[in-house]
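Report on the structure
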Amino acid sequence: MSLFDWFANRRKDGPISQERQEREIADGLWSKCEACGVMTYTKDLKANQFVCVECGHHHRVFSDDRIHQLIDQGTWQPMNAQVQPQDPLKFRDRKAYSDRLRDMQTRTQLTDAVQTGTGKLDNLPLGLGVMDFRFMGGSMGSVVGEKLTRLIEHSTAAGLPVVIVCASGGARMQEGMLSLMQMAKISGALERHRTAGLLYIPVLSHPTTGGVTASFAMLGDIIVAEPQALIAFAGRRVIEQTVREKLPDDFQSAEYLLKHGFVDVIVPRTELNSTLAKLIRLHQPVPSSPLKPLHTVSNHHVAIT
């Protein structure tokens, strides 16, 4: 028996432990669908924009991947990436807020829970904000409010449509009233954007809740949601205890909100880029053209073409 055969037989005879199995699939090559349990090659899942090819479940997407999915290559220009969160209240629970911020920044390589910038979507210029749920649950603190407000104000001045991809647990409790003030600040900037006759489209992904839902997530000219996204203000249990009624199983889902008129359209992620491009093109202002000059020939007016 050769040495190769001896090792081959030993490998067949040896029991495969659960630890060994987990180690073999825990290297990031495969991803398990949370909905149907199907194992998918991670590269295939990423190529399908993190939508399960078997059941259509939309896996959570973070800001870098979302920007890559929506923005034409080489056109992304980040804005206000240097804006840093502070801890004016010196907030502390089980851990100091300043320590949480440092940990999140190290883990995510983000300064806060949103990325903003300008770019082109299918060759259409726009301002884009993308919230990232990895950073403290996408909570809305002062930096999120400031960056989104600056994005909207820049887009208003430049005559650009704005798209904000929402993914948030709501206002950031560690900043108290300062966090809640961002709702009014962003809403005010959006009103000036609307007055200028410019388009704003929020994209509600899973989850969109709390103060984000109560402000800029629901102020769009056209409100787009992803399939099965959780969209809510208060939690389901809080509402049931308040109204003392059992809520429907699909309550606070994107489909339930579409049925009851709170969102305008549900768009699968694989169709989001093309859908946004169509909506932006349809709502672009039509340039006013001057009347064509007339040329008189034998008492007849002929338009010069």
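Residues numbered from 1 in each chain as written. Predicted model: local features only at pLDDT ≥ 70, side-chain atom pairs only at ≥ 80, totals over all residues. Heavy atoms only, no water.

**A short note on the nonpolar core**
For clarity, the cut-off: Here, nonpolar core means buried Ala, Val, Leu, Ile, Met, Phe, Trp, Tyr and Cys residues that are tied together by side-chain atoms lying within 4.5 Å of each other. Relative accessibility thresholds used throughout: buried, under 20% of the residue-type maximum; exposed, over 50%; partly exposed, between the two (1.4 Å probe, protein chains only). Strands here are runs of E lasting at least two residues and helices are runs of H or I lasting at least four, both read from the DSSP assignment and numbered beginning at the N terminus. Contacts are assigned to residue pairs that have any heavy atoms within 4.5 Å of one another.
Judged by nonpolar contacts, the single largest core of 37 residues is most densely connected at Leu148, Ile164, Cys166, Leu204, Phe216 and Ile231. Broken down by secondary-structure element, the contributors of at least two residues to this core are helix H5 (97-108), helix H6 (142-158), strand E6 (162-168), helix H7 (176-195), strand E7 (200-208) and helix H10 (254-259). Apart from the residues within four sequence positions on either side, Phe216 is in contact with Met131, Met140, Leu148, Ile164, Cys166, Ile186, Leu190, Tyr200 and Pro202. Formed by 22 residues, the second largest nonpolar core is a distinct cluster that contains Val163, Val203, Ile222 and Ile280.

**Describing the sheet that holds strand E9 (residues 265-266)**
What counts here: Note on pairing: DSSP must find at least two bridges between two strands before they are called paired. Whenever a helix is involved, its axis is fitted only over the stretch in contact; in every case the axis is a line through C-alpha atoms, and angles between N-to-C directions fall within 0 to 180 degrees.
Taken in spatial order, the seven strands line up as E3-E4-E5-E6-E7-E8-E9 in an open sheet, and their pairing is mixed. A single partner strand is all that each edge strand has here, and the edge strands are strand E3 (77-78) and E9. Across the face of the sheet, H6 comes into contact with strand E4 (114-121), strand E5 (124-131) and E6 while running at roughly 25 degrees to E4.

**Digging into the environment of Met177**
Mapped onto the elements of the fold, Met177 is located in helix H7. Judged by relative accessible area, which is 57%, Met177 ranks as exposed. On a C-alpha basis, the gap between Met177 and Gly141 in space is 9.8 Å, while along the polypeptide they are 36 residues apart.

**Notes on a nonpolar patch on the surface**
The line we're drawing: Residues enter a patch when their relative accessible area is above 30% and they make no salt bridge; the linking distance is 9 Å between like charges and 5 Å between nonpolar side chains (Val, Leu, Ile, Met, Phe, Trp, Tyr). Computed with the Shrake-Rupley method and a 1.4 Å probe, the accessible areas treat only the protein chains shown as cover for residues. In what follows, salt bridge is the name for a side-chain nitrogen of Lys or Arg lying within 4 Å of a carboxyl oxygen of Asp or Glu.
A contiguous nonpolar surface patch, about 470 Å² in accessible area, is contributed by Leu89, Met177, Leu178, Leu180 and Met181. Topologically, Leu180 is positioned in helix H7. Judged by relative accessible area, which is 42%, Leu180 ranks as partly exposed.

**Observations concerning the pattern of salt bridges**
Opposite charge on two side chains makes pairing possible when the charged atoms of those side chains draw close. In this structure the tally under the stated criterion is 14 salt bridges. In this structure, Glu191 engages Arg194 in a salt bridge whose closest nitrogen and oxygen atoms are separated by 2.6 Å. Remark: Arg194 and Glu191 occur in helix H7; sequence separation between them is three residues, near one turn of the helix. Residue classification places Glu191 among the partly exposed positions, given a relative accessible area of 38%. Looking at Arg194, the relative accessible area reads 47%, which means it is partly exposed.

**With respect to H6**
Note the threshold: Expected span, for any helix, means 1.5 Å times one less than how many residues it has.
The end-to-end C-alpha separation of H6 is 24 Å, in line with the 24 Å expected for 17 residues at 1.5 Å each. Where H6 is concerned, the buried positions are Val143, Val144, Gly145, Lys147, Leu148, Thr149, Leu151, Ile152 and Ser155. Packing partners of the buried residues in H6 comprise E4, E5, E6 and H7.

**A closer look at the pairing of E5**
Going by this rule: A clockwise path from the first strand over the helix to the second, with the strands pointing away from the viewer, defines a right-handed crossover.
Most of E5 is tucked away: seven of the eight residues are buried. As defined by bridge partners, E4 adjoins E5 across eight bridges and the pair is classed as antiparallel. Each bridged residue has a counterpart across the sheet, and for Gly117 the counterpart in E5 is Leu128. Linking E4 to E5, which pair antiparallel, is a turn of two residues; within it Asp122 sits at a positive phi near 55 degrees. Pairing of E5 with E6, which is carried by four bridges, proceeds in the parallel orientation. Among the inter-strand pairings, Leu128 is bridged to a residue of E6, identified as Val163. In this view, the connection linking E5 to its parallel neighbour E6 by way of H6 has right-handed handedness.

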